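# A structural walkthrough
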Amino acid sequence: MSVVKLVVVGDSHVGKTAMIQQFVNRRFTTDYKVTLGADFAAKPIAVNDMIVTLQIWDTAGQERYRSLSTSYFKGCEAAIVVFDATSEESFEHVPAWVDDVYRSVLGPLAPASLTRSPASSGAASEQPPPSDLSSAPPSSSPASVVAPFPVIVVANKLDLCDDDGGARKVPKRRAQEFCDANGWKYRECSAKFGDNVDEVFKVAAAVAVERRNASQSAPSSAGRGVGIRRPARGQPPSSTGSDPREAPPSSVEGGGLRVNVARRWQASKDRCSACSK
């Protein structure tokens, strides 16, 4: 059975552990202890007519455990970044969490920066009232943006949001557009009631398996390197200097120095010719 490693990251108290417990054990409790470093859970799931085991790593959200948490990112195949829909601050920290995942997983291939601070775009002031956002369709803009690594951004605690959007601090449309601009998937859920929790992990598993299959089917250039081009058998060396005695003198700037280099090269060539006779 294939294993897919996922990491769940985000600020402390956004409901990461609650989401995992709801998905794995169908259980919710308000008596959760702070995760120290990382915790682990596993559950088999069907993805594209095959069964895979999701290896889910629940990481600490507190700043003092952050360096320890990132050590668990290596080897993961997708990341679920959770924020609290009633907390503006947790949403603003999403790019920093994705940065940590990119650096840990992609290393030197990680992008230099992301779309910074979703609050700085000024989009919030241009959005319609919150009552219109709960049912707003996902943005269809920049669908062509492809993230370098699968990321699913999740707004949790929808159960705390009023029907009129009064308690909600991060409008759906604003979060959706921000994720679209970075090529990330976006979902919303309630870990308390289990709404859309399964969908979050199914999407994460699907994109992870899709990425794995694409990397396996793509031709690999590893190990090829750049070979030394040699002349065919019986073919004389090229005129570009295969034989050091036939190489032209170095093109060094400066009149006197150029003459000295040319004379030394000619003398060396004459000595080599005399020795071969």
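Treat the numbers as computed from the prediction; the structure is a model and nothing was measured.

### Quick notes on the overall build of the protein chain
Helix and strand counts for the protein chain stand at nine helices and six strands. The buried share of the protein chain, reckoned over its 277 residues, is 38%. Sequence-distant contacts, at least 24 apart, represent 73% of the contacts inside the protein chain between residues at least 6 apart. Approximately 15900 Å² of the protein chain is accessible, and the part contributed by carbon and sulfur atoms is 51%.

### Describing the pattern of salt bridges
According to the stated counting rule, one finds seven salt bridges in the structure shown. Put simply, Arg-103 and Asp-100 hold a salt bridge, and the shortest N to O gap is 2.7 Å. Remark: Asp-100 and Arg-103 occur in helix H4 (residues 94–106); sequence separation between them is three residues, near one turn of the helix. Here Arg-168 and Glu-188 are joined by a salt bridge, their closest N and O atoms 2.2 Å apart. With a gap of 20 residues between them, Arg-168 in the loop between strand S5 (151–156) and helix H7 (172–182) and Glu-188 in strand S6 (residues 185–188) connect regions that are remote in the sequence.

### Description of helix H1 (residues 16–25)
Judged by how many residues are buried, H1 sits mostly within the fold: eight of 10 residues are covered. Among all positions in H1, only Lys-16, Thr-17, Ala-18, Met-19, Ile-20, Gln-21, Gln-22 and Phe-23 are buried. Arg-26 sits one or two positions beyond H1 and adopts a positive phi of about 55°.

### Here's the deal with the side chain of Glu-188
Classification of Glu-188 as buried rests on a relative accessible area of 11%. A polar side-chain atom of Glu-188 sits 2.6 Å from a polar atom in the side chain of Tyr-186.

### Here we look at the pairing of strand S4 (residues 78–84)
Within S4, seven of the seven residues are buried, which leaves it mostly tucked inside the rest of the structure. Burial of S4 is two-sided: the residues Ala-78, Ile-80, Val-82 and Asp-84 facing one way and the residues Ala-79, Val-81 and Phe-83 facing the other way are all buried. Relative to S5, S4 runs parallel, the two sharing six bridges. Residue pairing across strands places Phe-83 opposite Ala-155, the latter belonging to S5.

### Here we look at the packing of aromatic side chains
Taken as a whole, this structure holds five aromatic pairs when the rule is applied. Ring geometry for Phe-40 and Trp-57: centres 5.1 Å apart, planes at 55°, overall tilted. Highlighted residues: Phe-40 in strand S2 (residues 38–47) and Trp-57 in strand S3 (residues 50–59), separated in sequence by 17 residues. Here Phe-40 falls in the partly exposed class, since its relative accessible area comes to 43%. You can call Trp-57 buried: its relative accessible area is 18%. On the numbers, 5.8 Å between centres and 75° between planes, the contact of Phe-91 with Phe-178 is edge-to-face. Of the two residues, Phe-91 is situated in helix H3 (residues 88–92) and Phe-178 in helix H7; the sequence distance between them amounts to 87 residues. Residue classification places Phe-91 among the buried residues on the basis of a relative accessible area of 0%. By relative accessible area, which is 7% here, Phe-178 ends up buried. Grouping aromatic residues by their ring pairs yields a cluster made of Phe-83, Phe-91, Phe-178 and Trp-184.

### So, the confidence of the model for the protein chain
Confidence in the prediction for the protein chain averages 76 pLDDT; 60% of positions are at 70 or higher. Predicted confidence for residues 120–143 stays below pLDDT 50, and this span has 22 contacts to residues more than four positions away or in other chains.

### Side note on the nonpolar core
Counting residues in each nonpolar core, the largest one holds 30 residues, and the members touching the most others are Leu-6, Met-19, Leu-54, Ile-80, Val-154 and Phe-201. Among the elements of the structure, strand S1 (2–10), H1, S2, S3, S4, S5 and helix H8 (197–217) are those that each provide at least two residues to this core. Top contributing element to this core by residue count: H8, with nine residues. Ignoring anything within four residues of it in the chain, the contact list for Val-154 reads Met-19, Ile-80, Val-81, Val-82, Phe-83, Arg-187, Cys-189 and Val-200. In this structure, Val-7, Trp-57, Val-101 and Trp-184 belong to the second largest nonpolar core, which totals 29 residues.

### A word on the environment of Lys-16
Within the secondary structure layout, Lys-16 lies in helix H1. Taking the C-alpha atoms as reference points, Lys-16 and Val-82, separated by 66 residues in sequence, lie 6.6 Å from one another. Looking at Lys-16, its side chain comes within polar contact range of the main-chain oxygen of Asp-11, at 2.9 Å.

What counts, and at which threshold
- Residues numbered from 1 in each chain as written.
- Predicted model: local features only at pLDDT ≥ 70, side-chain atom pairs only at ≥ 80, totals over all residues.
- Heavy atoms only, no water.
- Helix = DSSP H or I, 4+ residues; strand = E, 2+ residues; numbered from the N terminus.
- Buried < 20%, exposed > 50% of the residue type's maximum accessible area, 1.4 Å probe, protein only.
- Contact = heavy atoms within 4.5 Å.
- Areas by Shrake-Rupley, 256 points an atom, 1.4 Å probe, with all protein chains shown as cover.
- Salt bridge = Lys/Arg side-chain N within 4 Å of Asp/Glu carboxyl O.
- Polar contact = N/O pair within 3.5 Å; in protein donor to acceptor, adjacent residues only side chain to side chain.
- Pairing = 2+ DSSP bridges.
- Phe/Tyr/Trp six-rings, centres within 6.5 Å; stacked < 30°, edge-to-face > 60°.
- pLDDT = per-residue confidence, 0-100.
- Core = buried A, V, L, I, M, F, W, Y, C linked by side-chain atoms within 4.5 Å.

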